[in-house]
Structures are given as structure tokens and as C-alpha cells.
Amino acid sequence: MEIFCFDVDGTLRDNRAHEVSASTQRTLAQLHGAGHKLIVSTGRGLDSLKRTQIFEIAPWDGFVINNGQLVLDGNLNVLEEHVFDPQSVIETIAIADALGYAVTLKKKERLITKKPDEYVYTTQKYFGNVIPPVGRYNGHDDVYAMCLFGPLGYDYEPFTHVKGVDVAPGMSTYADATIAGVSKATGNNVFVKKYGADGYIAFGDSQNDLKMFEGAKLSICMGNGDPLTKKAASYVTDDIDHDGIEKACLHFRFIKEEE
């Protein structure tokens, strides 16, 4: 039995039509049929994930949400949960305000800190997501994760100095800001322990998958992935539009060619 952990956007789900290919669904069914465990490991929040078709495409054994900040079993029961120190949120927003950038706070009721701009709209199109209402952080609500919006290729260096915050630039005009020391890797390892496995196999495409790759016994990057993520991977497969997940699973003989 192996534990397979899959990123969502750019890995399971393409970023144009926002669909999961027939080959990927076929592969997930074969993996499940062979007795393997299937885990969603995503930067999306649970509310955002529910607006996709991900829940319908496979019998998932667990979910790592917000880059590890929330870990749920297959029935959506909470196994592990983490929230930011409010001071980290306040400092992050202050830097963004000074730079003129928006921040989305992923909490019980999401908000975005300023009127959406071109970076926000570009990211919205990339994910097929919903922009939350504009608001201000009250200084005490639990925040699970943050999304920073800046120019494509921006390194978000000013935010890397905030204590307790890790920053991973994305494949569009955004970066994930997460709790330092908590990641997809720590979330995935909850299931490694739960199922008594010797590690997990990771599929991803962007920099928020780097820590997941670092902790994996086998890491597979999509052909459409970020250059740094490809470099960190054990193996680079074909892109999402050319059956990358299926081809990798065939390559490593996790599944067989259907007759």
C-alpha cells in the first residue's frame, strides 16, 4: 500500500477549463482499486475546494488543506488544525498596504484587504475562484492561510521577514503565505502515521509543493510545472494536457495499461 498525495491546480485540475482529465480519473480509480490511499494536498481552503469537482472524481482517503494548515480524514473530520499568530497577519497586511498589494485572508469568512486589481483578477481567472468581499482584519479572528497578490515573477521578499510566515510564489500573480513549520509535508505525514506507511508519493507543479517534495519518498512534477519545482522533483512527467499523472504511474508501474 502506498500513499499518493496530489496537488490540485495545475496537477489534478487544469488552469484553463478547470477540469480533471479522463486519464487522471482513470488513474485514480486504478490506484484506489489496487488498495492505495489517495490524498488531496492543496493550497486551497475547504470552501474553495468544495467549488471544484475534486470531491466527485475519486474516493479520497484524506485532505491536506491550506498547505497543511488543516488536515481532514475522508469524511472531513478534523485530524489537525493550525492558525496564524494574529501579529503575523497584521505585519503581513501592513507590508502589503505599503506596497499597494491585496491580501486574501483565508478564515471562517474570507476577506480581501483592498479593492481587487489586475493581479487579483489574473489569479482569479487562473484558479476559476471567487473573490471575497473587501474588509479589514479585526486583529483576532483565526486565519488559516493568506494569499498575496503581486506581479508575475515577483519574489515577495519583503514578506519573508515576517516571523512565523513562509512564502511560496505561485504560477500566476500570487503567492501563498503559510504558517512557518506547517506545510503539505507535515499534513501528508499525518496520513503516513495513520496508515503505518513508510512515506508518501507526491504529485505537484508549483513552489507551494517544494516542501511536500522535500519530504516525499518519491516526488513527481508535472511537465507544466514551475522550473524550481521541476528541479526539486525526483521525476518530471508529461504536462497536465498530455496525461502526465497517468504516464508517471505507468512509468513507475503503479498501474497497468488497460486492455
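Residues numbered from 1 in each chain as written. Predicted model: local features only at pLDDT ≥ 70, side-chain atom pairs only at ≥ 80, totals over all residues. Heavy atoms only, no water.

Draft legend 1. Highlighting the sheet that holds strand β2 (residues 37-41). The eight strands lie next to each other as β5-β4-β3-β2-β1-β11-β12-β13, forming an open sheet whose pairing is mixed. Both edges of this open sheet fall to β5 (78-81) and β13 (235-236), since each of them pairs with a single strand only. Summarising the sheet, strand β3 (residues 62-65) and strand β4 (residues 70-73) pair through four bridges and their orientation is antiparallel. Bridge pairing in β4 links G62 to D73. (Pairing = 2+ DSSP bridges. Helix = DSSP H or I, 4+ residues; strand = E, 2+ residues; numbered from the N terminus.)

Draft legend 2. Representation of the state of the cysteines. Applying the stated rule across the entire model yields zero disulfides. Distance from the sulfur of C221, which forms no disulfide, to the nearest cysteine sulfur (C249) is 14 Å. In this model C249 remains outside any disulfide bridge; the closest cysteine sulfur is found in C5, 12 Å from its own. On the accessibility criterion, C249 (0% relative accessible area) is buried. (Disulfide = S-S within 2.5 Å. Buried < 20%, exposed > 50% of the residue type's maximum accessible area, 1.4 Å probe, protein only.)

Draft legend 3. Geometry of the environment of F127. Examined against the element boundaries, F127 turns out to sit in helix α5 (residues 118-127). Put simply, F127 and H32 are 95 residues apart on the chain and 27 Å apart in space, counted from C-alpha to C-alpha. Non-local contacts of F127, meaning those with residues more than four positions away in its chain, are made with D9, R13, H18, R44 and Y174. (Contact = heavy atoms within 4.5 Å.)

Draft legend 4. Representation of the packing of aromatic side chains within the structure. Counting across every chain of the model gives 14 aromatic pairs. Aromatic pair Y126 and F127: ring centres 5.0 Å apart, planes at 90°, arrangement edge-to-face. Residue classification places Y126 among the buried positions, given a relative accessible area of 17%. With a centroid separation of 5.0 Å and an interplanar angle of 65°, the aromatic rings of F127 and Y174 are classed as edge-to-face. Pair noted here: F127 is in helix α5 and Y174 is in the loop between β9 (165-169) and β10 (175-179), with a separation of 47 residues, a long-range link. For the pair shown, F127 and Y174 are each scored as buried. Put simply, the rings of F4, F6, W60, F203, Y235, F252 and F254 touch in pairs and so form one group of aromatic residues. Here the guanidinium or amino end of K194 rests over the ring plane of Y195, the centre of that ring lying 5.7 Å away. (Phe/Tyr/Trp six-rings, centres within 6.5 Å; stacked < 30°, edge-to-face > 60°. Lys NZ or Arg CZ within 6 Å of the ring centre and 35° of its normal.)

Draft legend 5. Representation of the side chain of D14. By the element assignment, D14 lies in the loop between β1 (3-6) and α1 (22-33). Buried D14, no salt bridge; nearest opposite-charge side chain is R16, N-O distance 5.2 Å. A polar side-chain atom of D14 sits 2.6 Å from the main-chain amide nitrogen of A17. For D14, the residues in contact, after removing those within four places along its chain, are E19, I240 and D241. (Lys, Arg positive; Asp, Glu negative; His and termini not counted. Salt bridge = Lys/Arg side-chain N within 4 Å of Asp/Glu carboxyl O. Polar contact = N/O pair within 3.5 Å; in protein donor to acceptor, adjacent residues only side chain to side chain.)

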